[in-house]
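A look at the structure
The lines below spell out each chain.
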Amino acid sequence: MDTVTRPRILVVGAGFAGVGCVRRLERKLAPDEADVTLVSPTSYQLYLPLLPQVASGVLTPQSIAVSLRRSKRYRTRILPGGAIGVDLKSKVCVVRTITDQVVNERYDYIVLAPGSVTRTFDIPGLTEHAFGMKTLAEAAYVRDHVISQLDLADASDDPAERAARLQFVVVGGGYAGTETAACLQRLTHAALHRYPNLDPKLIKWHLIDIAPKLMPELGDKLGRSAQEILSRRGIEISLGVSIAKAGAQEVTFTDGRVVPTHTLIWTAGVVASPLIATLGAETVRGRLAVDAEMTLPGQDGVFALGDAAAVPDKAKHEPGAVCPPTAQHAMRQGKVVADNVIATLRNKPLQPYVHKDLGLVVDLGGKDAVSKPLGIELRGLPAQAVARGYHWSALRTNVAKTRVATNWLLNALAGDDFVRTGFQSRTPARLKDFEYTNTYLTPEQVRARVEGSGDATA
């Protein structure tokens, strides 16, 4: 007897793009029309823009980790692991599971939404001594680390050690770095009430960036407003400056300054997931070059979107313009890709992705924020209302919305707490330990594995 198999749709990545695609596929595909598999090392979708508030303790980690298994239409098979290579010719994705088993997953259609990883440079000591702010584990770990520095400084009798533990350096003047510095500075400032032995003058935050402006996407006026807010709080901002080298107890800036510190937080941009390099396809600044329908030219059944894809920005009407790697684009691209996958299955025409940017929001903690919704510049409480309203509405489930709103209310009424959860009690972890960027295969290794495995389903 001939066995009729349903088409296999493989979605790689459980970020805004991947989850948006999967949820729409579940809603619009008939139960017997296709099998859907989602490859993700975690069982949740992370609401990345709120990570700085997790690091500062305003939000609990669970509140921005939305379970992948809450959908009432849930019928997607979740493969717990990370894709480390794709063979487009054989239509095989190589996956390393969370137990370190390497398996080959066959597909008929693949949606590549692996997201991005922290961009690093060849700076001595950077990956060994810096913390990132890209994953939930990193945010929780950084919070523990910052509080532990307060505890250790409070207990120390050495003035030099105390001063070093109370200096903090954040590299990156984009949204992630600015919000991280702003939120964590508020945490350490609030700590002065709980640590009466600490000299407030010793707590120093440094925010540095090689760019000449802070968050240039906001425009000159709002960028200056944000910089003035941070400066009033005592954060020292240095532009046109980066890191020359990093050590366990000090950081050297490119302008020659040496800052004694045990805390270096690196948020200097992102790059597309290393998975993209395993395809051997054309890229644009590391992002996979796709057309407006988010298909890979010359390949059958290959779609890519989100941070890992250079999706043409048709709304700008500028040659070569691509969509920025933001959550609002990723969420909308996921829905369009799902529709295009279904259209391909049903032999219907595909639709291009077109979305006009709705604006930007930057939450600086407390009553401070700057926002630019639909081109309107806002500051202070109106900007804060817009920023939190946007984030709250973008959360995918009512449970997540309730948790976040409750956390915000509780923090506003009860203030900050300074409980360490125990991450610091064992071997320290740094930037190199969280994103596993050394696990990906080369195109040659992918091809050799697929050809040598024979049966590509195991």
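About the thresholds
Residues numbered from 1 in each chain as written. Predicted model: local features only at pLDDT ≥ 70, side-chain atom pairs only at ≥ 80, totals over all residues. Heavy atoms only, no water. Helix = DSSP H or I, 4+ residues; strand = E, 2+ residues; numbered from the N terminus. Buried < 20%, exposed > 50% of the residue type's maximum accessible area, 1.4 Å probe, protein only. Contact = heavy atoms within 4.5 Å. Areas by Shrake-Rupley, 256 points an atom, 1.4 Å probe, with all protein chains shown as cover. Lys, Arg positive; Asp, Glu negative; His and termini not counted. Charge placed at Lys NZ, Arg CZ, Asp CG, Glu CD. Pairing = 2+ DSSP bridges. Axes fitted to C-alpha atoms, helices over the stretch in contact; angles between N-to-C directions. Salt bridge = Lys/Arg side-chain N within 4 Å of Asp/Glu carboxyl O.

Examining the overall build of the protein chain
In terms of helices and strands, the protein chain carries 11 helices and 24 strands. If one aligns the C-alpha atoms of the protein chain with their principal axes, the spans along those axes are about 80 × 50 × 40 Å. Within the protein chain, the fraction of its 458 residues that count as buried is 52%. If you take every contact in the protein chain between residues at least 6 apart in sequence, the share linking residues at least 24 apart comes to 69%. When the accessible area of the protein chain is evaluated, it comes to approximately 20900 Å², of which 53% is carbon and sulfur surface. Put simply, the protein chain has 54 plus and 46 minus side-chain charges, and the middle of one group is 6 Å from the middle of the other.

Focus: the sheet that holds strand β12 (residues 235–239)
Two orientations exist for strands paired in a sheet by backbone hydrogen bonds: parallel and antiparallel. Taken together, the four strands give an open sheet; going across it, the order is β12-β11-β10-β16, and neighbouring strands pair in parallel fashion. The strands lining the two open edges of the sheet, one partner per strand, are β12 and β16 (263–266). Along the sheet, successive strands turn relative to each other by an average axial angle of 15 degrees, direction set aside. Inspection of the sheet shows strand β10 (residues 167–171) paired to β16 by four bridges, in the parallel sense. Following the sheet pairing, V169 is matched in β16 by L264. Across the sheet, helix α7 (residues 220–232) lies against β11 (204–209) and β12, angled at about 135 degrees from β12, the strand it touches most.

So, the pairing of strand β22 (residues 359–363)
The element β22 is largely enclosed, with a buried count of four among its five residues. Bridge count between β22 and strand β23 (residues 369–373): five bridges; the pairing is antiparallel. Each bridged residue has a counterpart across the sheet, and for D363 the counterpart in β23 is A369. Between β22 and β23, which pair antiparallel one after the other, the connecting turn spans five residues, and G365 there sits at a positive phi close to 90 degrees.

Describing the pattern of salt bridges
Enumeration over the complete set of coordinates arrives at 19 salt bridges. A salt bridge links K28 to D339; the nearest nitrogen and oxygen atoms lie 3.2 Å apart. Separated by 311 residues along the polypeptide, K28 in helix α1 (residues 16–28) and D339 in helix α8 (residues 327–345) bring together distant segments of the chain. In this structure, the salt-bridge partner of R346 is E33, at a minimum N-O distance of 2.7 Å. Here the residue R346 occupies a position in the loop between α8 and β22, and E33 occupies one in the loop between α1 and β2 (35–40), the gap between them amounting to 313 residues. Salt bridges here are not isolated pairs; linked through shared partners, they connect R24, K28 and D339.

Things to note about the environment of A164
For A164, the position within the fold is in helix α5 (residues 159–165). A164 sits 97 residues away from T261 along the chain, and the two C-alpha atoms are 4.5 Å apart. Once residues lying within four places of it in the same chain are set aside, the contact partners of A164 are P260, T261 and H262.

Focus on the sheet that holds β23
What the three strands build is an open sheet, ordered β22-β23-β24; its pairing is antiparallel. Pairing within the sheet leaves two strands with one partner each, and these edge strands are β22 and β24 (378–379). Strand direction decides the pairing type here: β23 and β24, joined by two bridges, are antiparallel. Residue pairing for β24: V370 is matched across the bridge by R379. Relative to the sheet, α7 contacts β23 and β24, its axis offset from that of β23 by approximately 165 degrees. Lying over the sheet, helix α9 (residues 380–394) contacts β22, β23 and β24, oriented at roughly 65 degrees with respect to β23.

Digging into the side chain of S56
As for its placement among the helices and strands, S56 is situated in the loop between α2 (51–55) and β4 (65–67). For S56, a relative accessible area of 2% gives the class buried. Contacts of S56, omitting those with residues within four sequence positions, involve R143, C183, L184, L187 and D416.

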